[in-house]
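For reference, the chains in residue letters:
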Amino acid sequence: MTAPKSPAACLIGWPAAHSRSPLIHHYWLRTLGIEGGYVIEAVPPDDLRDFVLRLSLRGFVGANVTIPHKEAVLALSTPDARAKAVGAANTLWFANGELRSTNTDVEGFIGNLDASASGWDKADEALVLGAGGSSRAVVFGLLERGVKRIHLANRTIARAETVARQFGSNVHPVTWDAIADVLPRAKLLVNTTSLGMHGQPALDVDVARLPEAAVVADLVYVPLVTPLLAAAKARGLKTADGLGMLLHQAVRGFELWFGQRPQVTAELRALVEADLTKT
């Protein structure tokens, strides 16, 4: 009699090698005593449909989804209300044989802001950079927490306009060139682009133009302290880094795949930090 295979999940992205998600999930599997696995699957866009539709046949109980596939997987699964509202999914799992999707970036982003920059939600105006899947999750979370006005800047203004139409009159698209004009009014600045990530161009934003007591968040976590966060810290501003969001957004997926809810601990953060900063 063949022993049942241990449950395994994967990360689907292109590229995906920079991800620390395996480190996080392997830590939880080990500390909770669960037999299971988590691997990276680099899947180019042309192969995404076939890969996702054969996810179970490939031996996976679910998956995380990262750039650039978060929007495309909606059509390949049954999204829940949050994934539909955000227009992007980052977590896949099976329920009664059906492939379902959700978006845990919302709770990851908001949970990290609450933990890192208490009082951030007093901000009445925010500036969000980027208009992709992560940006939609950020905008959804900010609106849910009552931010009155969100300026959304993207290099392609049409994409920002599309997101603004989806979320309503509190979201205002602005051109990339207009960022400097908006900064003095933004009590919260959020970078959802890949600018500032290792191997990517720098993000050219002058944090000196932000109001005093503004909060700066960056979804990039490689490097851990991006140039944007370094500049904000030098000004004495509260910051929220991409690693905190990564840790918090991972909780629900793990619970869906492996049946136990893990905790974001100081030990886990230290483990991932050490991995991010080693040479």
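Provided above is the structure to which this section pertains.
Residues numbered from 1 in each chain as written. Predicted model: local features only at pLDDT ≥ 70, side-chain atom pairs only at ≥ 80, totals over all residues. Heavy atoms only, no water.

**Some points on the nonpolar core**
Judged by nonpolar contacts, the single largest core of 32 residues is most densely connected at Phe109, Leu113, Trp120, Leu142, Leu152, Leu188 and Val190. Contributing elements (two or more residues each) for this core: α4 (105–116), β7 (125–129), α5 (133–144), β8 (149–154), α6 (157–167), β10 (188–191) and β11 (215–218). Tallying contributions element by element places α5 first for this core, with 5 residues. (Core = buried A, V, L, I, M, F, W, Y, C linked by side-chain atoms within 4.5 Å. Buried < 20%, exposed > 50% of the residue type's maximum accessible area, 1.4 Å probe, protein only. Helix = DSSP H or I, 4+ residues; strand = E, 2+ residues; numbered from the N terminus.)

**Examining the pattern of salt bridges**
Applying the stated criterion across every chain yields a total of 18 salt bridges. A salt bridge links glutamate 144 to arginine 82; the shortest N-O distance between them is 3.5 Å. One end of the pair, glutamate 144, is in helix α5; the other, arginine 82, is in helix α3 (residues 81–86), and 62 residues separate them in sequence. The closest approach of N and O atoms between glutamate 273 and arginine 269, which form a salt bridge, is 2.7 Å. Taken together, the residues span about one helical turn, with glutamate 273 and arginine 269 both in helix α10 (residues 266–277) at a distance of 4 residues. With a relative accessible area of 24%, arginine 269 lands in the partly exposed category. Each member of the salt-bridge network shares a partner with another, and the members are Asp80, Arg82, Glu107, Glu144 and Arg252. (Salt bridge = Lys/Arg side-chain N within 4 Å of Asp/Glu carboxyl O.)

**Some thoughts on helix α1 (residues 21–32)**
Two residues of an α-helix separated by three or four positions point the same way, owing to the 3.6 residues in each turn. The end-to-end C-alpha separation of α1 is 17 Å, in line with the 16 Å expected for 12 residues at 1.5 Å each. Considered for burial, the residues of α1 that qualify are Ser21, Pro22, Ile24, His25, Tyr27, Trp28 and Leu29. Looking at the buried positions of α1, the neighbouring elements they touch are β2 (37–42), β3 (62–65), α9 (242–258) and α10. Remark: glycine 33 follows α1 within two positions and exhibits a positive phi of approximately 70°. (Expected span 1.5 Å × (residues − 1). Contact = heavy atoms within 4.5 Å.)

**Regarding the side chain of glutamate 125**
The residue glutamate 125 is located in strand β7 in this model. Side chain to side chain, glutamate 125 and histidine 151 meet in a polar contact 2.7 Å long. Aside from chain neighbours lying at most four places away, what touches glutamate 125 is Arg149, His151, Arg185, Ala186, Lys187 and Leu188. (Polar contact = N/O pair within 3.5 Å; in protein donor to acceptor, adjacent residues only side chain to side chain.)

**Focus: the packing of α1 against α9**
Remark: α1 packs on α9, axes separated minimally by 10 Å, with the N-to-C direction vectors making an angle of 55°. In terms of orientation, α1 lies oblique with respect to α9. Of the two elements, α1 crosses α9, and the hand of that crossing is right-handed. Residues Ser21, Ile24, His25, Trp28, Leu29 and Leu32 of α1 pack against Leu246, Leu247, Ala250, Val251, Phe254, Trp257 and Phe258 of α9. When its residues are assigned to classes, the contact of α1 with α9 shows 11 nonpolar, 2 polar and no charged. (Axes fitted to C-alpha atoms, helices over the stretch in contact; angles between N-to-C directions. Parallel < 35°, antiparallel > 145°, perpendicular 65-115°, else oblique. Left-handed = near helix turned anticlockwise from the far one by under 90°. Nonpolar A, V, L, I, M, F, W, Y, C, P; charged D, E, K, R; others polar.)

**Re unusual backbone geometry**
In this structure, proline 15 follows tryptophan 14 across a cis peptide bond, with omega equal to 0°. Its location among the elements puts proline 15 in the loop between β1 (8–13) and α1. Positive phi, close to 55°, is recorded for asparagine 96, a residue that is not glycine. Mapped onto the secondary structure, asparagine 96 falls in the loop between β5 (91–95) and β6 (98–102). For asparagine 96, a relative accessible area of 83% translates into the label exposed. A positive phi is found at alanine 213, a non-glycine position, where the angle reads about 70°.

**A few points about the layout of surface pockets**
Estimates place the volume of the largest pocket at around 1,000 Å³. As for the largest pocket, its lining consists of 40 residues, of which Thr66, Ile67, Lys70, Ser134 and Thr192 are closest to the centre. Elements with a contribution of two residues or more to the lining of the largest pocket: β3, α5 and α9. Taken as a whole, the second largest pocket spans an internal volume of roughly 170 Å³. Gly119, Trp120, Ala213, Ala214 and Val215 are the residues nearest the centre of the second largest pocket, which is lined by 13 residues in total. Here the residues of the lining of the second largest pocket sort into 7 nonpolar, 3 polar and 3 charged. (1 Å grid on protein atoms, 1.4 Å probe; cavity = no way out; pocket = protein on both sides within 12 Å on 5 of 7 lines; lining within 4 Å. Points joined across faces, edges and corners; volume = space filled by probe spheres on them.)

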